[in-house]
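Topology and contacts: notes
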Amino acid sequence: MQAVHHEILPPSGVEFASCLKFTPSTVAVNDASSSHTSKRALFNIVVARSNTLRVFEVCEEPVPISTQKDDERERRASVRKGTEAVEGEVAMDASGEGFVNMGTLKSTAQKGMTGPPTIHRLYLVREHRIHGIVTGMESIRILTSLEDGLDRLLVSFKDAKIALLEWSDAMHDLLTVSIHTYERAPQMLSIETPLHRSELRSDPLSRCAALMLPKDSLAVLPFHQSQAELDVMEQETQVRDVPYSASFILDLTSDVDERIRHTIDFVFLPGFTSPTIAVLFQNTQTWTSRLREYKDTVGLFIFTLDLITHNCPIITAIENLPYDSLFLVSCSATVGGVIVVTSNSLIHISQTGRRVFVPLNGWASRVSDMALPTLSNDEHKPDLSLEGARAAFVDEKTLYVVLKDGTVYPVEILAEGRSVSELSLGAPVARTTIPSVVRSIPSEHLFIGSMVGPSVLLKTVKLEEAVPEQDIEMTSAPPAVVDTAEIVDFDDDDDLYGTSHVNEETTNGEANGVNVLSKKRAVLHLSLCDTIPGYGAISDMTFSLARNGDRPVAELVAATGSGALGGFTLFQRDLPARVKRKLHVIGGGRGVWSLPVRQAVKVNGSTYEKPWNPHHGTNDAVIVSTDANPAPGLSRIACRSTKNDLSITTRIPGTTIAAAPFFQGTAILHVLSNMIRVLEPDGTERQAIKDLDGNLPRPKIKYSSICDPFVLIIREDESLGLFIGEAERGKIRRKDMSPMGEKTSKYVAGGFFADTTGIFCSQTNANADDADQNVTSTLQTAMNAGAKTQWLLLVRPQGVLEIWTLPKLTLIFSTPLISTLDNVLVDSGDPPAISLPQDPPRQPQDFDVEQILVTSLGESSPRPHLLVFLRSGLLAIYEALPTPPSAEAPPTTRASTLSVKFAKVITRAFDIQYPEEVERSVLAEQKRIQRQLIPFVTSPSPGQTFSGAFFTGDRPCWILATDKGGVKVIPSGHAVVHAFTACSLWESKGDFLLYSEEGPSLMEWMPEIQLDGHLPMKSISRPRPYSHVVFDSTTALVIAASSLQATFTSYDEDGVVVWEPDSPNISLPKCESSTLELIAPDTWVTMDGYEFGHNEFVTCVDCIPLETQSTESGTKDFITVSTTINRGEDLAVKGAVYIFDIVEVVPDGASGFKRWYKLKLLCRDEAKGPVTALCGIDNYLVSSMGQKIYIRAFDLDERLVGVAFLDVSLYVTSLVAIKNLLVIGDALKGVWLVAFQEDPYKLVVLSKDYNSVAVTRADMLLAEGRLSIISSDEDGVIRLNEYDPHDPESRNGQRLLCRTEYHAQAEYRTSRLIARRTIDDNSSIPQSKLVYGGIDGSLSSFTYVDEAAFKRLYLLQGQLTRNVQHVAGLNPKAFRTVRNDRVARPLAKGILDGTLLLAFEDLPIPRQIEMTQQIATERTTVLKDWLNLGGVW
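Remember, it's a predicted structure, so these values are computed and weren't measured experimentally.

**A few points about the overall build of the chain**
- Looking only at helices and strands, the chain has 13 helices and 96 strands in total.
- Across the chain, contacts joining residues at least 24 apart in sequence account for 59% of those joining residues at least 6 apart.
- As presented, the chain carries roughly 62,300 Å² of accessible surface, and 50% of it is formed by carbon and sulfur atoms.

Here it is, written out as structure tokens:
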């Protein structure tokens, strides 16, 4: 069986991060006059998780005008003073961001800073799914960095590779400079290689970088620091101009010191003339039971590295450090030395070997013999644990330690010069996300990345503040304060001051007219800037039935997150929207427009506009709709009546092509198929211009674009018409188009664009003979960035895109690459193209541009994007980017040039079928589906605004862009949408009016939907994580098992406590415990629950049909739960099976629910071993207990009766049944295929895998009467096994045959098998599709591929592997290949890589044609094969 692997959602969260100046915008010179009034890029943050790499830009921009300021003030005024959230208190927000007392965004321009208030936001620049697993990232500076001022990015991968990446401004993407591979090094052949975790570190002065390899080795990559070094290297080696010299492998044991074994961590130290490395290692490995013999077994060596001779003299050698040392943090050059972070303490080690020790709990003195500082009885004895913690310096002497629960503790280094005397632990200042990486940024920022939740960007500013003398506390705690003021209202009264150091100088201040002696103290202000959304690992998932209004839809409920960031994440395939009301009265099958128009005021015979507030957009007042029935069409103008209904005021015969407000919203410009009309706001006609050629009628108008005061029409013969409005007369006239060439020129598409961002910037050509002196220069454009400029876009039949200035119609941009969808569109400098009529008339071509639109896409700061739709069904979206002035002189034929380029960001292919255009009847015109790109602006919630576009037709979709997610194309969920418009007629900025297969209706998005991901999702924040979740279809309720941490006390067989804490800073260990919750999915309220024992946790939850006498059918779905009871290491583990029923009870009137349910425990069956897996087979319960499988019947709804059992291997991880077939996955012995028979009751082993595979999940994949067993192991390897007794290798079916091995980058422990019906599938049994969630947060699927399509796509996959430049120069085939020493060749053929095949859509059309010709097929055939495999579920 063949299948394709689709990655629906990329991994979630941040595992690695690097902060650097990567893109040119971060080093651009900003005008001082506009630096506080416009957006300014500060630096970049590059984050990675598994195979996903994202580049963000941190921008400083003015604080937006908040419409909720008064509401927030009222809310804060209602809170009694002193009851606000203080440092360390948990205060989750609605979206589950989980940041405690940092409040909302706060400007950093206050408290001594000048200028208007600003905020810092994150914007996604690029996202890539690379063909490798990222294991580290570092910034580096090479020789060319001295020229452009930009940093480079070093990325390491799991298979011992290092890639050097830089930003290409020409491509607007990542560019691979070099890749260095060490996978063939002798160290990589070690048996410990699969368990090794490589670490990438770079020298602070970018002299070299090092990658940790197995067997205590470092792969060192030196970089040139001057041109002289490069010249010498070229003379010696005769190599080309490269920024690095030859790399080498440093064996720490043989080249540095033989005592270095079992390396834990290493860092580069700043302030040395040569690269200096500190290595943390454990010479003799130990654990808690060997502490009597081996306790302080960790050592720290500091040595310098000579990059030429490879000599490594040791500077400092420290031994006898605690065995639980975790990692190193290098100190600044001012302080010197390194911080060793252990599980129970912090240790500073100077270059002279002096140690300064601070214990964090009572275990520090029990696991180490190091001398502890004496603490008085009055001093606080902390009880902290640093497992899972991360640390970073925010200044030279202040270290922030972020614990695994997100609590931030400041640690200050007290030193005199370079002699450290004490490490001072302060009180917690805040609680943030659960950390996986902490990066300090030189521009007073701190980035905390998380793998299990959102990542945060914090602002850290150290300011001098005057403090009255009587309030000064001379303590040693570090100064810290969390800013909690709101975004616009800057109140210093809400600052939370901790104790702080006081400077020696004093000043005389004045307060309330009285002189007060005051001193100054340095206070570190901490505020939240922005977040990167994330939900973490998918522990379990299930499909539920949700309702978007009255419409039922399938929704994927995933249990995600960890700790306080736990909860549920809900995914839907389409953008969730609900119908607010039906509007059948207006029709609109051919188009609908909602227009904001207003009456003009006449004074003394002159017409004036009503004043209006520019900060608050006016609501719509008129709806114009049109239908093709009855012929030749009918148009209506409607407005809202006093009863909030629609009343039609005017009916006009004819089909409306376009309508828009005109003359600053005081009139309606109405375009019919043969006429252009100017209407009053009430619908009466002011002017009408018939589209005639003399007295002869012209061909019908097929498209029109309106941008006050210009009107563009394109007729069916591809001729053009241009009109302009005269505001003084209130009428329109034809505009002279002689600068554009011949009047008979043909155009296939066109439109206007009004730019308010200042990106569309023209450069005057002084060498041109007819240079336009009125065209604004770059400086004038920067000064008038808020002014609106208008542009005309036209596409000629030969595929040339032209941009013309308005109102003078000067050609300013031209490119012939629009029809081939090249990756970057730049100005070709050509004169206007010639597109004269042809005889016979030209027929439509597949690569004709059918629709073109330039509109703003975005959330906080919308940017212009170019949307292109080809007749063949390809939709490409380009981002408009400013370009620096070219050094080459522009052509003399151009009076000015446009300093803009277009970079392609996304491409989507649609399966479009065009009917045969044999005859053009009225019926054919009525059945025609029109596809249009319609821009809109919506505000689904207060303070949130999206600018996007809607694509109508039989593949309707939303085109949106978010700050953190980039551009997305999301299906709307409708079969067909004929007309669309944003509508605020009912005083809501989030309404849409569309005509779908259900008729005209008013719709809105579902609330609290997040669009940053690749699927629309909604976060349900809970204060605890969940390990299992199922959906009961009978009651439509969700049953979930939570995972909690409880204190564990060890007992002996007599029930006597073995050990108790004997000190206040000694705590009991934690163990996992669980509760079962019954949740209503519409409100996510927990209706009922069941608490298990403190040491009992859930291993499996399922909804299984069992036999019962309570129903007529004889079966009923019961909630079945298996648990494990942990009794410590001295007593055997036990387990149990619970069977619950969901019963309906009388609801409480105060709850507001019409129906209420509770869990009823029917049976508890205790087992002698852990029950690890459950499933149902033929109305029987299948459960695993230790090394046995039991099949039991539910007798009399009160007890389980065993009917069959089977001895299996070590530990069952998965049980899946279809009909009477059972698939067993084992943690050691792979997969078993078992059959169950009832007469007599018996389990028969049909076949099994004889190889040792650690299976985490096993499923069955069904298609065309064939069965394959698909399994995953702990390394993320997917295997397809088949049961074929006729194959000689199967030994009469006893051995399962492994057909394919495929590396899927992460293991998965939860999956769901769903039905997949194709369009031409008429069989009664549908194909199956497997959807699974990974532990890295990714969501993927396996889909069956028929043999003919598989062969074509497999050949195409090979072409893409060889002929496409992949990010970081990685090999996709090697990434998916699994090493198997039992076979001669890798079992790589059988599963297609969907991530690689997805790159085919993004290629330019000539490259697509070239590749498909090489495999002897057609481009359209391959695209159709690919589209038939698409779909999320």
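**Some details on the environment of T952**
- Here T952 lies in the loop between β66 (944–951) and β67 (957–962).
- In the structure, T952 is positioned 26 residues away from H978 in sequence and 6.1 Å away in space, judged by C-alpha atoms.
- Aside from chain neighbours lying at most four places away, what touches T952 is Q930, R931, Q932, I934, V977 and F980.
- Within the structure, T952 has its side chain in polar contact with the backbone oxygen of Q930 (distance 3.4 Å).
- Here Q932 takes part through its backbone nitrogen, which lies 2.9 Å from a polar atom of the side chain of T952.

**Let's talk about the packing of aromatic side chains**
- Tallying each qualifying case throughout the model produces 41 aromatic pairs.
- Centroid distance F1092 to Y1138: 4.9 Å. Interplanar angle 75°. Geometry classified as edge-to-face. One end of the pair, F1092, is in the loop between β76 (1085–1091) and β77 (1096–1107); the other, Y1138, is in strand β79 (residues 1134–1145), and 46 residues separate them in sequence.
- In this structure F1092 comes out as buried when scored by relative accessible area, which is 10%.
- Y1138 sits in the buried class, given a relative accessible area of 2%.
- Three or more aromatic residues link up through ring pairs in this structure, and these residues are F936, F946, F950, W958, F980, F992 and W1005.
- Here the basic side chain of K39 rests over the ring of Y123, its NZ or CZ set 4.3 Å away from the ring centre.
- Its end group placed over the ring of W363, R366 keeps NZ or CZ at 5.8 Å from the ring centre.

**Digging into a nonpolar patch on the surface**
- Taken together, the side chains of W363, V1058 and W1059 make up a nonpolar region of the molecular surface, amounting to roughly 270 Å² of accessible area.
- Inspection of the secondary structure puts V1058 in the loop between β74 (1037–1047) and β75 (1070–1080).

**Quick notes on a negative patch on the surface**
- Together, E1107, D1178, E1238 and D1239 make up a negatively charged patch on the protein surface.
- Classification of E1238 by relative accessible area gives partly exposed; the value is 38%.

**A word on the pattern of salt bridges**
- Inspection of every chain in the model, using the stated rule, returns 66 salt bridges.
- With its nearest N and O atoms 2.7 Å apart, the salt bridge here joins E685 to R677.
- For the salt bridge of R1199 with D1195, the shortest nitrogen-to-oxygen distance reads 2.8 Å.
- A cluster of three or more residues bridged by salt bridges with shared partners is formed by E15, R49, R197, E199, R201 and D265.

**Topic: the packing of helix α8 (residues 1347–1363) against helix α13 (residues 1419–1428)**
- It is at 10 Å that the axes of α8 and α13 come closest, and there the two elements cross at 110°. Classed by the angle they form, the pair α8 and α13 counts as roughly perpendicular. Two secondary-structure elements touch here, α8 through A1349, R1352, L1353 and L1356 and α13 through T1421, V1422 and D1425.

**Considerations on the pairing of β74**
- Counted residue by residue, β74 has 8 buried out of 11 residues, so it is predominantly covered.
- What sits between the antiparallel neighbours strand β73 (residues 1026–1032) and β74 is a turn of 4 residues, in which A1036 has the positive phi angle 60°.
- Two elements, β74 and β75, share 10 bridges in a ladder whose sense is antiparallel. If you follow S1043 over to β75, its bridge partner there is S1074.

**As for α8**
- The end-to-end C-alpha distance of α8 is 24 Å, a good match for the 24 Å that 17 residues give at a rise of 1.5 Å each.
- Residues of α8 that are buried include every one of A1349, F1350, L1353, L1356, Q1357, G1358, Q1359, L1360 and T1361, and no others.
- The opening residue of α8 is D1346, an N-cap whose side-chain oxygen sits 3.3 Å from the backbone nitrogen of A1348.

**Quick look at unusual backbone geometry**
- Along the chain, L806 connects to P807 via a cis peptide bond; the corresponding omega equals 10°.
- Following the sequence through the fold, P807 ends up in the loop between β57 (801–805) and β58 (811–815).
- Residue P1240 follows D1239 across a cis peptide bond; omega there is -5°.
- Examined against the element boundaries, P1240 turns out to sit in the loop between β87 (1230–1238) and β88 (1241–1248).
- Positive phi, close to 50°, is recorded for H172, a residue that is not glycine.
- Structurally, H172 is set in the loop between β8 (161–168) and β9 (173–181).
- Assessed through its relative accessible area of 11%, H172 is described here as buried.
- The phi dihedral of W1084 falls on the positive side, at around 60°, and the residue is not glycine.
- Positionally, W1084 belongs in the loop between β75 and β76.
- Look at W1084 and you get buried, because its relative accessible area is 9%.

**A word on the sheet that holds β9**
- Strand order in the open sheet formed by 4 strands is β6-β7-β8-β9, and the pairing between neighbours is antiparallel. Both outer strands of the open sheet, β6 (134–140) and β9, are each paired with one neighbouring strand and no more. In this sheet, neighbouring strand axes are inclined to one another by 25° on average, regardless of whether the strands run parallel or antiparallel.
- Pairing of strand β7 (residues 152–157) with β8 involves 5 bridges; the strand directions are antiparallel. Across the sheet, L154 pairs through a bridge with L164, a residue of β8.

**Some words on α13**
- When we look at burial in α13, the residues that qualify are R1419, V1422, L1423, D1425 and W1426. One face of α13 carries all of its buried residues, which in axial projection span an arc of 155°.

**Points about the side chain of S673**
- Inspection of the secondary structure assignment puts S673 in the loop between β45 (667–672) and β46 (675–679).
- What makes S673 buried here is its relative accessible area of 17%.
- Among all residues touching S673, those that are not within four sequence positions of it are T655, I657, K700 and I701.

**Overview of the side chain of Q187**
- Considering the arrangement of structural elements, one finds Q187 in the loop between β9 and β10 (200–202).
- For Q187, the side chain forms a polar contact with the side chain of S217, separated by 3.4 Å.
- Those residues within four positions of Q187 in sequence are excluded, and the remaining contacts are T193, L213, P214, K215, S217 and I249.

**Concerning the environment of P807**
- Judged by its relative accessible area of 45%, P807 is partly exposed.
- Remark: the alpha-carbon pair of P807 and F710, spanning 97 residues in sequence, is separated by 8.8 Å.

**Describing the nonpolar core**
- Counting residues in each nonpolar core, the largest one holds 49 residues, and the members touching the most others are F760, L866 and F902.
- No other element matches α8, which puts 5 residues into this core.
- Here F902 is in contact with F760, I803, F813, N823, V824, L825, L866, Y878, E879 and A880, once residues within four sequence places are set aside.
- Residues C331, V335, A391 and L399 belong to the second largest nonpolar core, which totals 23 residues.

**What to know about the environment of E1418**
- Assignment of secondary structure puts E1418 in the loop between α12 (1405–1414) and α13.
- Accessibility expressed as a relative area gives 51% for E1418, which makes it exposed.
- In this structure the C-alpha to C-alpha distance between E1418 and R1352, which are 66 residues apart in sequence, comes to 9.8 Å.

So, how was this worked out
- Here the residue index of a chain counts from 1 through its sequence in written order.
- In view of the model being predicted, local features appear only for residues whose pLDDT reaches at least 70, and side-chain atom pairs are presented and counted only at 80 or more, with totals across whole chains, interfaces and linings using the full set of residues.
- The side-chain figures draw on all heavy atoms in the structure; neither hydrogens nor water molecules are used.
- Helical segments are the DSSP runs of H or I of at least four residues, strand segments are the runs of E of at least two, and each set is numbered from the N terminus.
- Contacts were defined at the residue level, with two residues in contact if any of their heavy atoms lie within 4.5 Å.
- Only the protein chains shown count as covering a residue, and every accessible area follows the Shrake-Rupley method with a 1.4 Å probe.
- Pairs of N or O atoms within 3.5 Å make up the polar contacts considered here, provided that, within protein, one atom can donate a hydrogen while the other can accept it, and that residues adjacent in sequence are counted only when both atoms are side-chain atoms.
- We call Phe, Tyr and Trp rings a pair once their centres come within 6.5 Å, taking the six-membered ring for Trp, and we label the pair stacked below 30 degrees between planes, edge-to-face above 60, and tilted otherwise.
- Working definition: with a 1.4 Å probe on protein chains only, accessible area under 20% of the residue-type maximum means buried, over 50% means exposed, and in between means partly exposed.
- The criterion is that NZ of a Lys, or CZ of an Arg, lies within 6 Å of the ring centre and within 35 degrees of the ring normal, and then a charge sits over that ring.
- A residue counts toward a patch only above 30% relative accessible area and without a salt bridge, and it is joined to like-charged neighbours within 9 Å or, for Val, Leu, Ile, Met, Phe, Trp and Tyr, to nonpolar neighbours within 5 Å.
- In what follows, salt bridge is the name for a side-chain nitrogen of Lys or Arg lying within 4 Å of a carboxyl oxygen of Asp or Glu.
- Positive: Lys, Arg. Negative: Asp, Glu. His and the chain ends are not part of the count.
- By convention, the point assigned to a charge is CZ for Arg, NZ for Lys, CD for Glu and CG for Asp.
- Whenever a helix is involved, its axis is fitted only over the stretch in contact; in every case the axis is a line through C-alpha atoms, and angles between N-to-C directions fall within 0 to 180 degrees.
- By the definition adopted for this analysis, an angle is roughly parallel if under 35 degrees, roughly antiparallel if over 145, roughly perpendicular if from 65 to 115, and oblique otherwise.
- Any two strands with at least two DSSP bridges between them are considered paired.
- To estimate the expected span of a helix, count its residues, drop one, and scale the result by 1.5 Å.
- Our arc is simply the arc of the directions from the helix axis toward the C-beta atoms.
- What is meant by a nonpolar core is a set of buried Ala, Val, Leu, Ile, Met, Phe, Trp, Tyr and Cys residues, joined one to another through side-chain atoms within 4.5 Å.

Read these as layout, nothing more, since geometry by itself doesn't imply function.
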